[in-house]
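Structural characterization, general
Chain residues, written in single-letter form:
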Amino acid sequence: MAITIEGKSVCKICKKTMYIKEGLIGFPNFTSNIEDELSFFTDTGFHKECFKYHPLRASVISRLKDLEIIKDECELYIPIDKDNKGEYKL
């Protein structure tokens, strides 16, 4: 799974620093073929909103389902603890 460091990691889509409160999504390493157009997403984190509107979104989700890595896109969301109470929500 992607290692995302709050306040340090940068979203590859918008090039902005990522913070948990913004809603993040992380991908496992699902391809090592750099010629694969989906390699852009492998082992990386993004803002959920950036990924939501990316033109390859459906292809990424389909690939991860085909590989049986996920059953649902929600499995990729990085949970957030909005109230700092140890209660994580997607």
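For the structure, check the block above.
What counts, and at which threshold
Residues numbered from 1 in each chain as written. Predicted model: local features only at pLDDT ≥ 70, side-chain atom pairs only at ≥ 80, totals over all residues. Heavy atoms only, no water. Salt bridge = Lys/Arg side-chain N within 4 Å of Asp/Glu carboxyl O. Helix = DSSP H or I, 4+ residues; strand = E, 2+ residues; numbered from the N terminus. Buried < 20%, exposed > 50% of the residue type's maximum accessible area, 1.4 Å probe, protein only.

Within the structure shown, the criterion is met by three salt bridges. The partner of D36 in a salt bridge is R63, and the shortest N-O contact between them spans 2.6 Å. Residue D36 is located in the loop between strand 1 (24-26) and strand 2 (45-47), and its partner R63 is located in helix 2 (residues 57-66); the two are separated by 27 residues in the primary sequence. For D36, a relative accessible area of 15% corresponds to the buried category. Classification of R63 by relative accessible area gives partly exposed; the value is 27%. With its nearest N and O atoms 4.0 Å apart, the salt bridge here joins E49 to K52. Pair noted here: E49 and K52 are both in helix 1 (residues 48-52), with a separation of three residues, about one helical turn. With a relative accessible area of 45%, E49 lands in the partly exposed category.

Scope: geometric values only; no functional claims are made or implied.
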